[in-house]
Structure formats: structure tokens, C-alpha cells
Amino acid sequence: MGRYAGVLVALVLVCVYLSIAQDVFLTWDNFTNIAKSNTVVLLLAIGQTFVVISAGIDLSTASAATAAGMILGLTMDAGCSIAVVLAATLVFGVLLGLLNGFLVTKLRISFLIVTLGTLSIYQSFALVVNDGQTITVFGKPGFSFVSDLVNNEIGPFPILLVLDLVLALIAGGVLRYTGFGRALFAVGSNPEAARLNGIDVGRIVLVAYGIAGLAAALASVVQVGRLTSASPQADPTLLLTVVAAVLIGGTAYTGGEGGVLGTIIGVLFLGVVQNGLTLSDVSSFWHGIVSGVVLIAAVALGVRRDGGWALRTGRMAPTLSRERSQ
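Every chain is numbered on its own, with residues counted from 1 as its sequence reads. In view of the model being predicted, local features appear only for residues whose pLDDT reaches at least 70, and side-chain atom pairs are presented and counted only at 80 or more, with totals across whole chains, interfaces and linings using the full set of residues. Calculated side-chain values reflect all of the structure's heavy atoms, with hydrogen atoms and water omitted.

### Observations concerning the nonpolar core
Generally speaking, soluble globular proteins have nonpolar side chains that are buried together.
Item 1. The term nonpolar core refers to a set of buried residues drawn from Ala, Val, Leu, Ile, Met, Phe, Trp, Tyr and Cys, joined through side-chain atoms within 4.5 Å. Each residue is assigned to one of three classes by its accessible area relative to the maximum for its type, calculated with a 1.4 Å probe on protein chains only: buried under 20%, partly exposed between the two thresholds, exposed over 50%. Counting residues in each nonpolar core, the largest one holds 70 residues, and the members touching the most others are Leu44, Ile46, Phe50, Leu184, Leu238, Phe269 and Leu270.
Item 2. It is helix 3 (residues 39–53) that provides the largest number of residues to this core, a total of 11 residues.
Item 3. In this structure, Met76, Val85, Leu149 and Val224 belong to the second largest nonpolar core, which totals 13 residues. The helix and strand labels rest on DSSP assignments: H or I over at least four residues marks a helix, E over at least two residues marks a strand, and numbering proceeds from the N terminus.

### Quick notes on the pattern of salt bridges
Item 1. What makes a salt bridge here is a side-chain nitrogen of Lys or Arg within 4 Å of a carboxyl oxygen of Asp or Glu, nothing more. For the structure on display, the rule yields two salt bridges.
Item 2. Across the pair Arg195 and Glu192 runs a salt bridge whose closest N-O atoms are separated by 2.3 Å. Taken together, the residues Arg195 and Glu192, both in helix 10 (residues 191–196) and three residues apart, mark about one turn of the helix.
Item 3. Its relative accessible area of 40% is what places Glu192 among the partly exposed residues.

### A look at the packing of helix 1 (residues 5–21) against helix 13 (residues 260–279)
Each pair of packed helices can be described by the angle between their axes along with the distance between the axes.
Item 1. Fitted lines through C-alpha atoms give the axes, limited to the stretch in contact for helices. The angle between two N-to-C directions lies from 0 to 180 degrees. Viewed as axis vectors pointing N to C, helix 1 and helix 13 meet at an angle of 25°, and their least axial separation amounts to 10 Å. Viewed along their axes, helix 1 and helix 13 adopt a mutual orientation that is roughly parallel. Our pair here, helix 1 against helix 13, has a crossing hand that is left-handed. Counting all contacts with helix 1, which are made through Val7, Leu8, Ala10, Leu11, Val14, Cys15 and Leu18, the residues of helix 13 involved are Ile265, Leu268, Phe269, Val272 and Gly276.
Item 2. Among the residues making up the contact of helix 1 with helix 13, the classes are represented as 11 nonpolar, one polar and no charged. Small angles under 35 degrees read as roughly parallel and large ones over 145 as roughly antiparallel, with 65 to 115 read as roughly perpendicular and the rest as oblique. The hand of a helix crossing depends on one turn: near helix anticlockwise from the far one by less than a right angle means left-handed, and clockwise means right-handed. We call two residues contacting when some pair of their heavy atoms lies within 4.5 Å. Charged residues are taken to be Asp, Glu, Lys and Arg, nonpolar residues to be Ala, Val, Leu, Ile, Met, Phe, Trp, Tyr, Cys and Pro, and polar residues to be all remaining types, Gly included.

Shape descriptors only; they carry no functional weight alone.
Here it is as C-alpha cells:
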């Protein structure tokens, strides 16, 4: 609770302000609009959470989602059944994630270099695979399933909201209650200690990147359903928003700390802020500035928070002792 208490308080304050300043903010339609418009961010952020807990980061996640979306568009445009379309999209996304993990774990290349490189590769793949053209899937066989997933409701609740909750519960359960989840935290905290305790560090990190790839593929399905087309261009602000949501949700950028609940709160916070800017008729040109400021503030607060926790738990004692002796 302590790791995301600050953003939770900030979320409540922003909601209180917007409920006073904007009459439409407290309407159910606006709440469902926030949930729908931030589902792609949430899915990518959940996958990113696994990678960041492992003490890495995936800069290619938005490009991977775009590339997976093009695979979805091509297979749907070719008349494949929805089962084949979804299987091809999900497998492709997982393979992209595993490629990142393989390069990081087997070739021992820095995760920053790997994912920065694959960010460019996956984006170029999305452009090359259909000569830079958008694939319109409206009316194609199988699109009705994707459209229903994105636009229909179960009672008063959007299907996307139900999907978000189910996937969040699964991801949270994996982190909290499985051996893989415990191993992931151990690897992020201290990979050498984890190795000495019999944990296959490479395999754990590889799976974490695979999960991020799966999340990117799921996000691509939602994205294509919302746009009714597969676009070869990635949203330039999407990666920034995803990373900001994970970090302000309390997941430590140094690894070993964090969770899905904090990430959800981070996504909600950014979604509410963006919604407030839209309701207030603030130019969209300013939205990126807000996300960037929030990201910097989140990292700065994370450094101070982690430093304070380390001092209280004695983890920095050896360092401080060396500094005093010099």
C-alpha cells in the first residue's frame, strides 16, 4: 500500500476537483469511456510490470503491439477464421517478446539496447509488411467478434472492463501466488542471490519478456477493434504513458518491487488526468507534456522512496560505511 499511496491520494484529489469543475465527469458514460480508452495502456502496462519487476524494461512494447496488429489485419483481410486470426496474433506477439528475452538473457546484451533496437525493428516491420498502408477490417469475416469485444456490454458493464478485471486478476495471481512470481521478485531484487538459490534467472527473465509480448498482442486486438483498422504507425505517446503508469504505480525501476494493483492505479490516474484535460478543452498538444512531467516526477519520487526504504532496512549500510571510511 505504501508504494502507491501517493498516487492513490493524487487520484482521489484529481477526481474530487474534476467532479466539481466538470458536471459530466461523474457520469457512468464518462467512467466507461475512461475504461475503454485506457484498456490498451492497461494491457501493455501489465506486461511491462513483469519486465520492470525483473529489473528490465521493454521499450519495444508499443511497436510490438503495432506489428501484432498488422498480423491481425493481414490474416483477417485474407479471410481466415477468427480462431486462426487470434492465434496468429497472440503467437506472433509472444515470439516478439521472447526474441527480446533471448537477446537479453542468452546474448547478454543490455535490455535498453535490445528493446531500443527492436522498437525500431518492429515498427519498420509494421510498415514493410503492407507497404505502409492501413488495413481496413470493418466488415471482414471475424471482425464482428472483435467489434463486440470492444464495443458491447454485459449488463451495464463494458466487456472491455470485464476483460481488464479478469486479466488483472490473473496477472496479480501469477505474481502473488505462483513460484514464477516469487522467483521474478527474487531475480529483480538480486539476480546473483536468486541464482545461488537455484533459480534459473535466464528462464525467468525470458518468460517475463514473453508475457510482455503476449500483452502487446492482446492490446493490438483491442486497438484494431477500436479503430476498425490495423494501422502501421505506432502512437508516439503510448510507450511513455505505459512506462509512466507502471512507475507511478509503485513498481521500482530497479526491480524487485511492485505489482499489478499499483499499475492499475497508475493507469487510472493518467487516464483520469487525460480525461480531465479533454473535458477542460485543453489542446491535445499539451497531453504529452503532462505525461512527461508525471513520468519524471514518478522516477524522482521512486528514487527518494527506494532510498528511504533501503536506509530503513539497512540495505545501504555497507555503501554508507565505505563512503564514511574514504
